[in-house]
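Chains, contacts and geometry: an overview
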Amino acid sequence: MFVAPLLLLLFGPFAPSSGAQLPNEGQAKDPPIATNGQPFPWDRMRLPKTVSPIHYDLIIHPNLTTFDFTGVARIELDVHEDTSVIVLHAKQMQISNVLLLAPEGVRPLRVLEYPRFHQLALLSDSVLTKGRKYEVQLGFAANLSDSYHGFYKSSYRTSAGEVRFMASTQFEATFARGAFPCFDEPAFKANFTIRITREPRHIAISNMPKVKTVALPGGLLEDHFDTTVKMSTYLVAYIVSDFLSVSKTTQHGVKISIYAVPEKIDQTAFALDAAVKLLDFYDDYFDIPYPLPKQDLAAIPDFQSGAMENWGLTTYRETGLLFDADRSSASDKLGITKVIAHELAHQWFGNLVTMEWWNDLWLNEGFAKFMEYISLDITYPELHVDDFFLGKCFEAMEVDSLSSSHPVSTPVENPMQIQEMFDDVSYDKGACILNMLRDFLTPEAFEIGIIQYLKRYSYQNTVNSHLWESLTNICDSDDLDEGRMKHKEFCSKRNVPSGASKWYSDDELDVRAIMDTWTLQEGFPLVTVEVRGREVRLSQERYLKTDDPSLTEGFLWQIPLTYMTSASSTIHRFLLKTKTDVLYLPEEVDWVKFNVDMSGYYMVHYAGNGWNSIIRLLQHNHMALTSNDRASLIHNVFQLVSIGKVRLDTALELSLYLSRETEIMAVTQGFGELVPLYKLMEKRDMPALENQMKGYIVDLFRGLIDRQEWSDSGSVSERVLRSYLLLFACVRNYTPCVTKATQLFNQWKASDGKISLPVDITMAVFVIGARTPEGWNFLFEKYRNAMQMSVKSRMKTAMTVTPLQDKLKWMMEQSLRGDVMKTQDLPDVVVSVSKNPHGFKLAWDFLRANWHTLIKKFDLGSSTISYMVTGVTNQYSTRETLNEVRSFFGSLTEETGSEMRCIQQTYETIEDNIRWMDTNLPLLRAWLDKHGHKGPHEDL
């Protein structure tokens with residue numbers, strides 16, 4: 001699954017290993033009682049392993065008039081232990097006509113229901129014998145869900161104003177059980193044969209191609225789909241709609257189709273070409289043919305996450321798939337290709353080889369996120385995806401620096417805890433530690449290892465250690481294919497079986513021992529470097545934003561250190577396995593930079609005179625370091641202020657070099673560290689200092705802003721940077737920007753929106769236009785009628801930046817209703833309003849007032865709820881607001897979310913903000929006074 005990227009706003013010790021159960025968590029506290037008052041025969045959340053499904057025959061009939069569905073499930077079972085009870089999942093559905101189809105004949109089964117664990121128990125009068133196969137048949141009926149998961153209803157409005165309905169599925173993580181009775185855990189893999197009943201005006205699509213359509217009495221049709229490969233329940237998918245499609249065939253003979261609502265089918269060409277190119281790339285890279293005859297990509301009008309990797313039928317938000325060559329921006333193109341690359345990578349990582357249980361979700365999501373960058377670097381070099389990877393590691397560190405973080409692989413049991421795994425730690429930290437491992441082993445060795453892993457465990461389930469074994473001793477394997485000549489050559493060239501010889505002699509290489517330190521404990525290391533002549537003293541500790549030093553004790557990582565010096569651009573390598581160590585340089589140097597290109601998931605503190613020598617380097621010759629190195633230095637120095645390792649004025653002195661910076665990663669990281677400082681002040685009512693800080697940032701980037709053309713020229717990175725800079729300048733009331741944007745908005749409005757604005761500058765123009773009631777209303781009318789998804793998205797964001805509070809409130813209310821503005825967009829609207837200085841109180845009030853509706857619609861523990869909770873509160877910086885936040889979340893029950901991790905993250909973040917402000921405001925004021933920043937005359 002692809003979790004929609006959070007809006008880039010300018011305002012803006014070891015755990016038990018895989019499959020481990022939490023103590024008491026997965027067990028009923030009291031003996032479970034079924035709905036009919038009888039004892040329920042199973043007391044655990046995880047299903048028993050006495051039986052397992054081999055094959056499901058599903059007949060499903062959704063009614064798009066009454067918004068409900070009926071069906072029959074026939075499940076073939078393997079019996080592993082003698083039993084008279086079959087326990088499986090079903091959630092909020094009526095179950096009827098339950099039969100056992102045994103060799104001795106057909107007989108009814110008694111049914112008990114235990115809704116707390118979403119379980120059914122089917123009781124047989126006779127024993128089901130070990131080693132034999134049986135079939136059970138269940139009738140079921142339920143309403144189409146009003147949420148975004150299970151089998152749910154979706155709608156869209158045509159340009160003529162007609163509302164049309166459709167039904168679609170989203171089963172990851174635990175929602176297949178809401179659509180049909182099943183063994184809804186990833187390790188219960190089976191084959192599925194699906195039949196869908198529909199009206200002639202609709203089409204049905206599913207994981208596999210349609211084999212035939214049969215006419216039924218009453219004018220209905222039944223589509224029969226081919227049997228799937230062996231797969232987990234969460235990957236089953238089917239859609240009933242009036243979509244149209246376009247198709248092409250890959251070089252490997254796979255039919256690719258894009259499905260969308262009829263009026264948007266002309267926005268599918270880019271995604272179709274991208275999907276063909278990327279599926280061919282993965283087919284070759286993994287050296288395993290894509291096993292299905294087709295791959296459909298469907299743009300769903302109502303969709304909660306970014307996309308979903310259902311095998312053979314991937315589903316997307318419309319903004320994640322639809323592209324208009326004339327109206328979509330460079331960042332839209334980047335976003336769409338990344339989402340498609342992510343979902344298609346899952347067809348191997350996740351679908352073909354699946355984690356045993358959700359505690360190792362990162363094996364799916366970390367890999368898919370990582371493969372976005374590997375695949376696009378080769379297939380779309382013009383997108384320069386490397387410019388954006390570092391940002392993912394910084395985002396992961398943001399949550400991983402809190403004591404409420406969790407290990408990449410962490411025990412989970414209930415659906416809420418499973419949902420919470422879909423976070424920045426599983427996706428982004430997962431990808432960053434894989435990137436570090438690839439750099440450590442060499443790309444060639446890493447590629448051989450992961451191909452070996454995929455081939456060895458195809459159609460199976462895995463745990464962490466299976467991956468580490470495949471990446472150790474890669475050249476000893478029987479799985480090395482004769483056809484992979486470059487791999488055979490790679491192995492024959494080396495005297496050691498692994499690419500890590502450049503770090504350590506081979507007999508000491510233990511990938512599992514290294515990687516367990518990164519996946520089984522939370523957080524990440526801070527490496528302190530102190531240079532004394534030729535001697536480099538190293539030490540490691542956990543980086544943690546806390547005022548309780550005891551929380552950082554007991555952590556130790558095996559860290560693949562890289563470094564370069566003023567004397568040599570060669571990348572030197574050293575595996576730090578102990579708390580402290582010493583390195584010796586061949587000669588004395590002016591400066592040393594550790595974590596080259598930030599390929600390692602750790603921060604670096606340069607003790608003694610180290611930071612001063614780096615500041616001198618950046619001020620005199622910043623190009624001696626790569627842009628990733630510069631971005632990592634900006635990030636590290638400001639983050640070290642938060643834990644008292646570096647003084648704020650040191651970090652600000654380093655930031656001065658940014659007036660000469662032009663590369664996107666370093667510039668955006670500069671903004672990312674500086675802008676939040678005035679955002680914290682906005683919540684404290686201190687306009688003088690706030691305006692000084694804003695003035696400093698505008699002055700710092702003035703030269704770069706002035707050099708931006710108001711056009712769509714340049715590379716993708718240059719274009720994304722232009723959009724970013726001009727939007728910032730306009731929001732900050734930089735006069736040349738406001739003048740130009742006002743002029744362009746007025747021209748656009750005078751033409752009734754018909755003149756074509758350069759795409760990259762539209763956000764800046766729309767934001768200025770939305771400041772007046774007339775401009776806002778005009779923008780809203782254009783939003784309401786627009787068919788281009790990326791244009792609608794930019795208009796929606798611009799409307800949330802207005803100072804008009806009545807409009808902000810109205811937008812949130814309308815998004816919740818879902819008539820004019822889609823409810824799927826509500827989280828972005830609420831978080832964007834919360835970043836607006838005129839809206840942060842409104843967003844918090846809205847979140848509180850509508851909490852129960854939101855958790856029902858978006859689901860407890862989901863990344864969407866977490867995004868809203870942290871997004872709305874993470875810039876609060878006073879005790880008063882902290883108490884208000886604690887009071888609200890403290891009033892919740894477990895059923896309404898009191899146990900969610902994001903609430904603890906929120907408390908910690910606000911505490912950290914308060915601590916930062918109390919410590920650093922006097923220093924900030926003194927530094928800005930010294931540098932002559934009195935603040936701009938005009939401001940929002």
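Structure report, in brief.

Calculation notes
- Residues numbered from 1 in each chain as written.
- Predicted model: local features only at pLDDT ≥ 70, side-chain atom pairs only at ≥ 80, totals over all residues.
- Heavy atoms only, no water.
- Pairing = 2+ DSSP bridges.
- Helix = DSSP H or I, 4+ residues; strand = E, 2+ residues; numbered from the N terminus.
- Contact = heavy atoms within 4.5 Å.
- Axes fitted to C-alpha atoms, helices over the stretch in contact; angles between N-to-C directions.
- Phe/Tyr/Trp six-rings, centres within 6.5 Å; stacked < 30°, edge-to-face > 60°.
- Buried < 20%, exposed > 50% of the residue type's maximum accessible area, 1.4 Å probe, protein only.
- Lys NZ or Arg CZ within 6 Å of the ring centre and 35° of its normal.
- Salt bridge = Lys/Arg side-chain N within 4 Å of Asp/Glu carboxyl O.
- Parallel < 35°, antiparallel > 145°, perpendicular 65-115°, else oblique.
- Nonpolar A, V, L, I, M, F, W, Y, C, P; charged D, E, K, R; others polar.

**With respect to the sheet that holds strand β19 (residues 307-308)**
If you trace the five strands from one edge of the open sheet to the other, you get β16-β17-β18-β20-β19, paired in mixed fashion. This sheet does not close on itself; its edge strands, each paired only once, are β16 (244-249) and β19. Bridge count for β16 against strand β17 (residues 255-260) is six bridges, and the pairing is antiparallel. If you follow Ser247 over to β17, its bridge partner there is Ser257. Packing against the sheet, helix α2 (residues 330-346) makes contact with β18 (294-300), β19 and β20 (313-317), and its axis sits at approximately 150° to β20.

**Remarks on the packing of aromatic side chains**
Scanning the entire structure with this criterion turns up 59 aromatic pairs. Both rings, one in Phe780 and one in Tyr783, keep their centres 6.2 Å apart while their planes meet at 25°; by these two values the pair is stacked. Of this pair, Phe780 and Tyr783 both sit in helix α19 (residues 773-785), three residues apart, roughly one helical turn. Measuring from ring centre to ring centre gives 6.5 Å for Trp844 and Tyr876, while their planes differ by 85°; the resulting arrangement is edge-to-face. Linking Trp844 in helix α23 (residues 840-849) with Tyr876 in the loop between α25 (863-873) and α26 (879-890), this pair joins segments that are 32 residues apart in sequence. Take Trp844 and Tyr876: they sit in the same class, and that class is buried. Through pairs of rings, three or more aromatic residues link up here, namely Phe281, Tyr282, Tyr285, Phe286, Tyr290, Trp348, Phe349, Phe367, Phe370, Phe446, Tyr453 and Tyr457. Directly above the ring of Tyr783 sits Lys792, whose terminal nitrogen or CZ lies 4.4 Å from the centroid. One cation-aromatic arrangement involves Arg886 over Tyr907; the distance from NZ or CZ to the ring centre is 4.3 Å.

**Focus: the sheet that holds strand β7 (residues 119-128)**
The antiparallel open sheet is built from three strands, whose spatial order is β3-β7-β6. Looking at the sheet topology across the chains shown, the edges are occupied by β3 (83-89) and β6 (110-114). Strand after strand, the sheet turns through a mean of 25° between neighbouring axes, direction not considered. As paired elements, β6 and β7 share five bridges and run antiparallel to each other. Bridging across to β7, Leu112 finds its partner in Ala121.

**Topic: the pattern of salt bridges**
Inspection of the entire model under this criterion finds 51 salt bridges. Salt-bridge contacts for Lys294 lead to Asp296; the nearest nitrogen and oxygen are separated by 2.6 Å. Note on accessibility: Lys294 and Asp296 belong to one class, buried. Linking Arg537 and Glu535 is a salt bridge whose minimum nitrogen-to-oxygen distance equals 2.7 Å. Linked by salt bridges that have partners in common, Lys679, Glu682, Lys683, Glu690 and Lys694 make up one network.

**A closer look at the packing of helix α17 (residues 735-750) against helix α18 (residues 762-769)**
The N-to-C vectors of α17 and α18 enclose an angle of 85°; their axes lie 8 Å apart at closest approach. Overall, the two elements α17 and α18 adopt an arrangement that is roughly perpendicular. Two secondary-structure elements touch here, α17 through Val738, Ala741, Thr742, Leu744, Phe745 and Trp748 and α18 through Ala764, Val765, Phe766, Ile768 and Gly769. The class makeup of the residues in the contact of α17 with α18 is nine nonpolar, two polar and no charged.

**Examining the side chain of Gln558**
Secondary-structure assignment places Gln558 in the loop between β24 (535-542) and β25 (559-565). Once residues lying within four places of it in the same chain are set aside, the contact partners of Gln558 are Ala513, Ile514, Thr517, Trp518, Leu575, Leu576 and Lys577.

**Quick look at the environment of Leu454**
Tracing the sequence through the fold places Leu454 in helix α7 (residues 443-456). In this structure Leu454 comes out as buried when scored by relative accessible area, which is 0%. C-alpha separation for the pair Leu454 and His224, spaced 230 residues apart in sequence, amounts to 31 Å. Residues contacting Leu454, with those up to four places away along its chain left out, are Phe286, Ile288, Trp348, Phe349, Leu352 and Val353.

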